[in-house]
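In case you want the letters, here they are:
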Amino acid sequence: MILSKKNNILITGCAGFIGFHVTKKLLEENYSCVGIDNINNYYDQKLKKERLKVLKTYDNFIFKKVDISKKNDFNKLKNKLFSIVINLAAQAGVRYAFEKPHSYINSNIIGFLNLMNFMKNNKIKKLIFASTSSIYGDIKTYPWSEKLNVNTPLTIYSSSKIFNENLAYSYSKYYGIQSLGLRFFTVYGEYGRPDMSIYKFTKNILENKEIVIFNKGDHTRDFTHVDIIKDIFSNLISTKKWKEIFKNKNFEIINIAGGSKVKLLKLVKLIEKFCGKKAKKKFVGLQLGDIKQTEASLTKLKKYKLSRKKITIDQGIKRFVLWYKKYAKF
Ligand SMILES: NC(=O)c1ccc[n+]([C@@H]2O[C@H](COP(=O)([O-])OP(=O)(O)OC[C@H]3O[C@@H](n4cnc5c(N)ncnc54)[C@H](O)[C@@H]3O)[C@@H](O)[C@H]2O)c1
C-alpha cells in the first residue's frame, strides 16, 4: 500500500474513457479521489457527462473542471493535499493530429508541464502517466520492447507522448518525483471512445451504415481490455508493487497490452457476430500516420506481476456490444 485511504489521489482526464474506469475502480476501493477534466468536445460530450454522473454517485469523489493547459486553473486545487497523481488527460487520437495539431501541444505538452510543475510546487512525489504504443512508430522489430530507441514518431500525438516520457524522466532526476509511464496498447471496453474503430464499427453496423476499413483490413492490433488497466492501477496503489518497482530508481516505463493480437477483419467478424448483423464494408488504403502492426513485449509487465486478468477478444467484444446496445438504446 503506497498511501492511506484518507490521502487524495488526483486523476486527470477522469471523464475520459480510461480515466473513468480507473477512477471508479479506486473509488470502489474507498480511496478519496479528486478528478479533473476540461470536458472538451473532441468527441461527444454526452458520453463524458454520463461517465461523470456515475462517478458523482460516490461520496469519496470530488470533481473540478480544470484545463491542465491553463496554469491558473490549478488554483482550483489549492486546498487539497495529494499523495499521487494519475495523468490520463490528453489529446488522444492519431488521425486528428493532422487536423488540430495545436490541441496536442496544449494538452499534452503545456498541460503536462503545468501538471509536473504543480507536483513539484506541492511536493507530490508519485506520478503515473499514460504513454502509448504509438511512440514505437513503424519500428519493424517485434515484439516492441521498452528497450527500443523511440525517436522516430510518425505523428504529433506520438511526439507529444515521447516528450511526456522525457519530461517525467527529467523531473524524476531533478526533483525526485517517482514516475511511471504506461505505454497503453489499443484499449477498449465499455464506455469506450467514439473515435476508435470498435465503437465506430458497432455503431455503424447496428445503424445499417457503411464501415470504412483501412489498409484492406490487414492491420493487426494488440488489444487491451480496460479491466486489465483497472487491475494494474489497483495493484500499483494497493500493494507493495510501487516499492518493488522504485527500489533502485525513480523512473520506469512499462508496456501495457492484453497480448491478444487481432487482425482488423477478425475484429469486424466478431462485432458482426455480437451485433447479429453483417457489416457493409468499404475497403480503403493505408491512412496517413497509420501503423500496420502493433505487438507489445510483455516481459516487464510479467516481471512485475501487475495483472493476472485474462480477457479474450471474444469476451471483450461481446461485453462492449452489449454495453453499446444498452447505451445507444438498440
Ligand atoms: N484508449 C487507448 O487505446 C489509448 C492508447 C494509448 C494511450 N492512451 C492514452 O491514455 C490516456 C487516456 O485515453 P482515453 O482513451 O481515456 O482518452 P479520452 O479522450 O477518452 O480521455 C481523455 C480525457 O482528458 C480530457 N482532457 C483532454 N485535454 C485536457 C486538458 N487540457 N485539461 C483537462 N482535461 C483534458 C478529455 O476531456 C477526456 O475526458 C490518454 O493520455 C491517451 O493518450 C489511450
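Structure first, text after, so check above.
What counts and how
Position numbers for residues start from 1 in each chain and track the written sequence from start to end. Local features in this predicted model are restricted to residues of pLDDT 70 or higher, and side-chain atom pairs are both shown and tallied only at a pLDDT of 80 or more, whereas totals for entire chains, interfaces and linings draw on every residue. Excluding hydrogens and water, the side-chain values take into account all heavy atoms of the structure. The helix and strand labels rest on DSSP assignments: H or I over at least four residues marks a helix, E over at least two residues marks a strand, and numbering proceeds from the N terminus. In this treatment the radius of gyration is a C-alpha quantity, and the globule benchmark scales as 2.2 Å times the residue count to the 0.38 power. The buried label goes to any residue with under 20% of its type's maximum accessible area, the exposed label to any with over 50%, and the partly exposed label to all in between, with areas taken from a 1.4 Å probe on protein chains only. Note on definitions: a residue-residue contact is assigned when non-hydrogen atoms from the two residues lie within 4.5 Å. Throughout, the Shrake-Rupley method with a 1.4 Å probe supplies accessible areas, and for residues the shown protein chains are the sole cover considered. We treat Lys and Arg as the positive residues and Asp and Glu as the negative residues; His and chain ends play no part in the count. Here the site of a charge means NZ on Lys, CZ on Arg, CG on Asp, or CD on Glu. Whether two strands pair comes down to DSSP finding at least two bridges between them. In this text, near means that some heavy atom of the residue lies within 4 Å of the molecule or strand in question. N or O atoms within 3.5 Å of each other form a polar contact, as long as, within protein, one can give a hydrogen and the other can take it, and as long as residues adjacent in sequence are counted only when both atoms are side-chain atoms. Asp, Glu, Lys and Arg are counted as charged, while Ala, Val, Leu, Ile, Met, Phe, Trp, Tyr, Cys and Pro are counted as nonpolar; the rest, among them Gly, fall into the polar class.

Draft legend 1. Representation of the overall build of the protein chain within the structure. Within the protein chain, the regular secondary structure consists of 10 helices and 12 strands. Relative to the compact-globule value of 20 Å for 330 residues, the protein chain shows a C-alpha radius of gyration of 19 Å, a close match. Projecting the C-alpha coordinates of the protein chain onto the three principal axes gives extents of approximately 55 × 45 × 40 Å. Taking all 330 residues of the protein chain together, 57% fall into the buried category. Here the analysis covers contacts within the protein chain between residues at least 6 apart in sequence; of these, 84% occur between residues at least 24 apart. Total accessible area on the protein chain stands at roughly 15200 Å², and carbon and sulfur atoms take up 51% of it. Where the 63 positive side-chain charges of the protein chain centre and where its 26 negative ones centre are 3 Å apart.

Draft legend 2. Spatial organisation of the sheet that holds strand S9 (residues 220–225). Taken together, three strands build an open sheet; the order of strands is S7-S9-S11 and the sheet is mixed. Among the strands making up the open sheet, the edge pair consists of strand S7 (187–188) and strand S11 (260–263). With four bridges connecting them, S9 and S11 associate as antiparallel partners. Bridging across to S11, Asp-222 finds its partner in Lys-261.

Draft legend 3. Structural detail: the site of the ligand. In the vicinity of the ligand, 29 residues are found, and the nearest of them are Asp-37, Tyr-43, Tyr-157, Lys-161 and Val-187. In this structure, Tyr-43 approaches the ligand through a side-chain N or O atom, which is 2.5 Å from an oxygen atom. Residue Tyr-157 places a side-chain N or O atom 2.6 Å away from an oxygen atom belonging to the ligand. Notes on the ligand: free accessible area 830 Å², of which the protein chains cover 98%. At the level of secondary structure, the elements contributing two or more residues to the shell around the ligand comprise helix H1 (17–28), strand S5 (126–132) and helix H4 (156–175). Sorting elements by how many residues they give to the shell around the ligand places S5 first, with three residues. Here the residues of the shell around the ligand are counted per class, giving 15 nonpolar, nine polar and five charged.

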